[in-house]
Amino acid sequence: MNSIIQILSPNFDARASVGQPNAISHIILHYTDMSDCDAALARLCDPQAKVSAHYLIRRDGQSFQLVDEADRAWHAGVSYWRGQTDMNSASIGIELDYDGHVGGAVAAFPEAQMEALMALLKDIVGRHGLDPRNILGHSDIAPGRKIDPGEAFDWAALHQAGFGIWLESVATEDVPPLAEGSLGKAVTPLQKALAAFGYEVATDGVFGPQTKAVITTFQRHFRPAKVDGVADAQTQSLIYAYCRAALKS
Ligand SMILES: [Zn+2]
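Residues numbered from 1 in each chain as written. Predicted model: local features only at pLDDT ≥ 70, side-chain atom pairs only at ≥ 80, totals over all residues.

(A) Structural detail: the overall build of the chain. Along the backbone of the chain there are 8 helices and 8 strands. Rg of the C-alpha trace for the chain: 18 Å, near the compact-globule value of 18 Å for 249 residues, within the 12% margin. Taking the principal axes of the C-alpha coordinates as reference, the chain spans close to 55 × 40 × 35 Å. Looking at the chain residue by residue over its 249 residues, the buried ones come to 39%. Put simply, of all contacts in the chain between residues at least 6 apart along the chain, 67% involve residues at least 24 apart. (Helix = DSSP H or I, 4+ residues; strand = E, 2+ residues; numbered from the N terminus. Rg over C-alpha atoms; globule rule 2.2 N^0.38 Å. Buried ≥ 20, exposed ≤ 12 C-beta atoms within 10 Å, placed from the backbone. Contact = placed C-beta atoms within 7 Å.)

Quick look at the structure:
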């Protein structure tokens, strides 16, 4: 692993106790949405900005540590996963130097950056004894509010390396699509599967803006070819095949 350069940020506080001996249970991945790593570093260390992450990985693979892992960095904001709302306390945050959704287009993350990320994940997961599946995108924990690391992030490659979650393609069931405005019997089980998986979504049988945001966020991570918030047959099949099965493993 490349040596990590330490540039400490003033933007952190103490982790809240979440009732476990080791409060750190997750790793959250972000992109910086900035054209330049130096600018991102400056922002993540600016006391006025009140944002930070534990690590930042430049496009060429050089990693920076900004906050001690024992401390709580400020990267998740308003967030939710499996009942936990203080994801900053429960996670280590990693920022990827990346342009973001410029003009709606998304570019692949450079190989050197992905390799550095995997080396860092291996190190963190090993030292903290984390479940390697507990690696999420910012969008997963803040649907409708955050879209990073975006649909160009290669979750499949990460999963192949042993980290995070990816859904292999499943046979598509013959079910009608559900979209904003849909009501009733077919909506509730879909919401229940998503909620059981970890997303914050009401199980009220109403496909409203919140359900649409969660479907969109699910697609961004697990079905990036079409991210439109419509639970088409393929999206529903993935949710049923995986979200339910994940609970039993
Ligand atoms: Zn983010």
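Now that the structure is up, let's keep going.
(B) Expanded view of the domain arrangement of the chain. For the chain, the assigned domains are domain 1 (5-160) and domain 2 (187-248). Computed over C-alpha atoms only, the centres of domain 1 and domain 2 are separated by 23 Å. Residue-level contacts link 12 residues of domain 1 with 11 residues of domain 2. (Domains from an automatic or database assignment.)

(C) Looking closely at the environment of L8. Position of L8 among the secondary structure elements: in the loop between strand 1 (5-6) and strand 2 (12-14). Judged by the 13 C-beta atoms lying within 10 Å of it, L8 is partly exposed. Distance from L8 to L41, taken between C-alpha atoms, is 9.9 Å for residues 33 residues apart in sequence.

(D) A look at the pairing of strand 3 (residues 26-31). Within strand 3, 6 of the 6 residues are buried, which leaves the element mostly enclosed by the surrounding structure. Alternating positions in strand 3 separate into two faces, H26, I28 and H30 on one and I27, L29 and Y31 on the other, with burial throughout. The pairing of strand 3 with strand 7 (residues 91-96) spans 6 bridges and is parallel. Note that in strand 7 the partner of H26 across the bridge is S91. Relative to strand 8 (residues 135-137), strand 3 runs parallel, the two sharing 3 bridges. Within the sheet, the bridge partner assigned to I27 lies in strand 8 and is I135. (Pairing = 2+ DSSP bridges.)

(E) Region of the structure containing the pairing of strand 7. The buried fraction of strand 7 amounts to 6 of the 6 residues, a majority that puts the element mostly inside the structure. In strand 7, alternate side chains face the same way, and those of S91, G93 and E95 on one face and I92, I94 and L96 on the other are all buried. Relative to strand 7, strand 4 (residues 55-57) is paired through 3 bridges, and the arrangement is parallel. Bridge pairing links L56 to E95 in strand 7.

(F) Local environment of helix 1 (residues 37-44). Among the residues making up helix 1, those that are buried are C37, A40, L41 and L44. Buried residues of helix 1 fall within an arc of 100° about the axis and therefore sit on the same side. Every exposed residue of helix 1 that faces more than 90 degrees away from the buried side is listed here: D38 and A39. Next to the buried residues of helix 1 lie strand 4, strand 5 (63-65) and strand 7. (Arc of directions from axis to C-beta.)

(G) Main features of the nonpolar core. With 39 residues, the main nonpolar core has I27, A53, Y55, L56, I94 and L96 as its most contacted residues. For this core, the elements supplying multiple residues, two or more each, are strand 3, helix 1, strand 4, helix 2 (87-90), strand 7, helix 3 (111-128), strand 8 and helix 5 (155-160). In contact with A53, not counting residues within four places along its chain, are H30, L44, L66, V67, A73, H75, G93, I94 and E95. Listed in part, the 17 residues of the second largest apolar core include A193, F207, I215 and A231. (Core = buried A, V, L, I, M, F, W, Y, C linked by C-beta atoms within 7 Å.)

(H) Structural context of the sheet that holds strand 4. Spatially, the 6 strands line up as an open sheet ordered 1-5-4-7-3-8, and their pairing is mixed. Both edges of this open sheet fall to strand 1 and strand 8, since each of them pairs with a single strand only. Strands strand 4, strand 5 and strand 7 of the sheet are contacted by helix 1, whose axis makes an angle of about 170° with strand 4. (Axes fitted to C-alpha atoms, helices over the stretch in contact; angles between N-to-C directions.)

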